[in-house]
Amino acid sequence: MMRSPAPGSFRFVWGIPLLLAVLTVFGLLAALLGTGIWHGLSWLAMLVPVLVGLRYSLWPRPRPQGGRRTAGENSDA
Amino acid sequence: MHKCSSLACAIFLLMTCITGLPLIFSQEIAHWLDDGPTYAAMPQDTPRLSLDSFVSEARKRYPGQIITSVFSDVDEPKVIVAMACLGNGAKIDPRTRHWLKFDARTGELLQQSKPAVQRQKEQPLVGRLMDIMFRLHSDLYARLPGQLFLGLMAFLFVVAIVSGLLLYNPYMKKLDFGTVRAHRSKRLKWLDLHNLLGAVTLAWALVVGATGVCNELAGPLFRVWMATDVQAALVPWHDAAVPVQAQMSSVQGAYDVVRAALPGTVVESMTFPNSQFGSPYHYLLWTKGDSPLTSRLFNAALVDARTGKLSALLNMPWYLRVLQLSRPLHFGDYGGLPLKIIWAVLDLLTIIVLGSGLYLWFVRRRQIKERLEKLVAAHGDRLLSKASS
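Small disclaimer: the values here were computed from a predicted structure and weren't measured. (Residues numbered from 1 in each chain as written. Chains lettered and ligands numbered in written order. Predicted model: local features only at pLDDT ≥ 70, side-chain atom pairs only at ≥ 80, totals over all residues. Heavy atoms only, no water.)

**A closer look at the interface of chain A and chain B**
Step number 1: Across the contact, 40 residues belong to chain A and 42 residues belong to chain B.
Step number 2: At the junction of chain A with chain B, the criterion picks out zero salt bridges.
Step number 3: At the boundary of chain A and chain B, one finds four residue pairs in polar contact (both at pLDDT 80 or more).
Step number 4: Elements represented by at least two residues in the side of chain A that touches chain B include exactly helix H1 (10–33), helix H2 (37–58) and helix H3 (71–74) of chain A.
Step number 5: Ranked by residue count, the leading element in the side of chain A that touches chain B is H1 of chain A, at 13 residues.
Step number 6: By residue class, the composition of the side of chain A that touches chain B is 25 nonpolar, 10 polar and five charged. (Contact = heavy atoms within 4.5 Å. Salt bridge = Lys/Arg side-chain N within 4 Å of Asp/Glu carboxyl O. Polar contact = N/O pair within 3.5 Å; in protein donor to acceptor, adjacent residues only side chain to side chain. Helix = DSSP H or I, 4+ residues; strand = E, 2+ residues; numbered from the N terminus. Nonpolar A, V, L, I, M, F, W, Y, C, P; charged D, E, K, R; others polar.)

**Focus: a nonpolar patch on the surface**
All names here are of chain B.
Step number 1: Taken together, the side chains of Leu144, Leu148, Leu217, Leu221, Trp318, Tyr319 and Val322 define a hydrophobic patch exposed on the protein surface, amounting to about 660 Å² of accessible area.
Step number 2: At the level of secondary structure, the elements contributing two or more residues to the nonpolar patch comprise helix H6 (143–172), helix H7 (186–233) and helix H9 (318–331).
Step number 3: Here the element with the most residues in the nonpolar patch is H9; it accounts for three residues.
Step number 4: Positionally, tryptophan 318 belongs in helix H9.
Step number 5: Given a relative accessible area of 64%, tryptophan 318 falls into the exposed group. (Patch = residues over 30% accessible without salt bridge, like charges linked within 9 Å, V, L, I, M, F, W, Y side chains within 5 Å. Areas by Shrake-Rupley, 256 points an atom, 1.4 Å probe, with all protein chains shown as cover. Buried < 20%, exposed > 50% of the residue type's maximum accessible area, 1.4 Å probe, protein only.)

**Comments concerning the packing of helix H5 (residues 125–138) of chain B against H6 of chain B**
Residue and element names in this part refer to chain B.
Step number 1: It is the contact of H5 with H6, at a shortest axis distance of 8 Å, that shows an interaxial angle of 65 degrees. Along its contact with H5, which presents Arg135, Leu136, His137 and Ser138, the element H6 presents Arg143, Gly146, Gln147 and Leu150.
Step number 2: Class assignment for the residues of the contact of H5 with H6 results in two nonpolar, four polar and two charged. (Axes fitted to C-alpha atoms, helices over the stretch in contact; angles between N-to-C directions.)

**Points about helix H8 (residues 251–261) of chain B**
Residues and elements named next belong to chain B.
Step number 1: All of the buried residues in H8 are Val251, Gln252, Ala254, Tyr255 and Val258. Seen end-on, H8 carries its buried residues on one side only, within an arc spanning 160 degrees.
Step number 2: The secondary structure elements touched by the buried residues of H8 are helix H3 (51–61), strand S1 (66–72), strand S5 (265–271), strand S6 (282–289), strand S7 (298–304) and strand S8 (310–314).
Step number 3: Measuring from the side-chain oxygen of the N-cap residue of H8 to the backbone nitrogen of glutamine 252 gives 3.3 Å; that N-cap residue is serine 250. (Arc of directions from axis to C-beta.)

**Some remarks on the side chain of glutamine 147 of chain B**
Step number 1: Within the fold, glutamine 147 of chain B resides in helix H6.
Step number 2: Residue contacts for glutamine 147 of chain B: discarding those within four places in its chain leaves Ser138, Asp139, Glu216, Pro220 and Arg223 of chain B.

**Concerning the nonpolar core**
Step number 1: Counting 29 residues, the largest nonpolar core has Leu28 and Met46 of chain A together with Phe157, Trp204, Tyr334 and Trp343 of chain B as its most contacted members.
Step number 2: Broken down by element, this core gets its largest block of residues, seven residues, from helix H10 (residues 336–388) of chain B.
Step number 3: Every residue in contact with tryptophan 204 of chain B, bar those within four places of it in the chain, is listed here: Thr24, Leu28 and Met46 of chain A together with Trp343, Leu346, Asp347 and Thr350 of chain B. (Core = buried A, V, L, I, M, F, W, Y, C linked by side-chain atoms within 4.5 Å.)

Given below as structure tokens:
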């Protein structure tokens, strides 16, 4: 993936969620359709979203610099 | 839409997520509760005895009873023969059901169960709890209506996920993935966690939700198929006399004739002729494929219990096959213990998503109410001051 897609762009919003979804689906199917090495690959692939989720909820990424109000704060209706 | 669909199903989904957690490990728990003796150490390719020898041994031990089914395990060297007494109207008395477990290679009787009625009374606490979890998770103790209701809840869950996706875009337009604004307000923190964990569990939750719908539909549809297509295949036998156990043909022979007709499959179990399920004239044999994928696909065959000849291969309709394939994807039991642990963590994360969603809705409602009250109070003051001047 490229370094930093522009905020607001499709890749900025959906890049990581889509990557995690693809890894999950790959992991789900690899263990179902294969045996042996495919089980190992499945565990590795599915571990990624789990670890990403734990990483950011336990050690949150600090808020970006500057007091600019962000989308979440004005449009959370 | 996200609000309506998720509120409608949130409480029941929280319940299914919590009851589902121990069910992920039901195999391990059953194994742990199993106090039967272990198998004798023998080479892997030791041949198995003929199934007829277990059947006649079981009949010798309980001459007054009938055999209801025979299960020949593919993964373990065991054969289980299930028996029961006939009660009123020559129907099986469910309270008397019990089983005998044999070593498939030596023929040794390894373990015997007590009759069902006694087994239920003496069930260990953990087993009883697991049963409660299972019923709450699958049908809320309400059988068909419960299954359909929970199926609908799972469908609403899928709708909630998809509608949540549409909301994700405006929220996350300017926020880096994984931002959790922990120090501004409690509500913002939980909103960010809801979005983060929702995005992380997205694909898994969609798959488990959709296959949950499938599973709730599979049971009822299967029973419809048994009552229609299978009964239609039995029409030619309707005038025949129902065979008694002494007249029945070889069990091993029935296994062999089905295996020969369906190469690439293993025969795992057979139900004896039975007036309440399957056919009163036939052995009903259940087969599954021998590759990882096809081992999830079951098929059934009918063997005439008098002549031992193959009567019909019951090919399930396509929708039942699709529903069968969705079972493992719901249970997560197909990739060893590590996959089950990942399944459990994803389940816990989903519980947090559901809980934070409920919290956000609750806080939001309170905020709106407070704002309205402030507005009314301010207006009221102005009106009062106008009146007094």
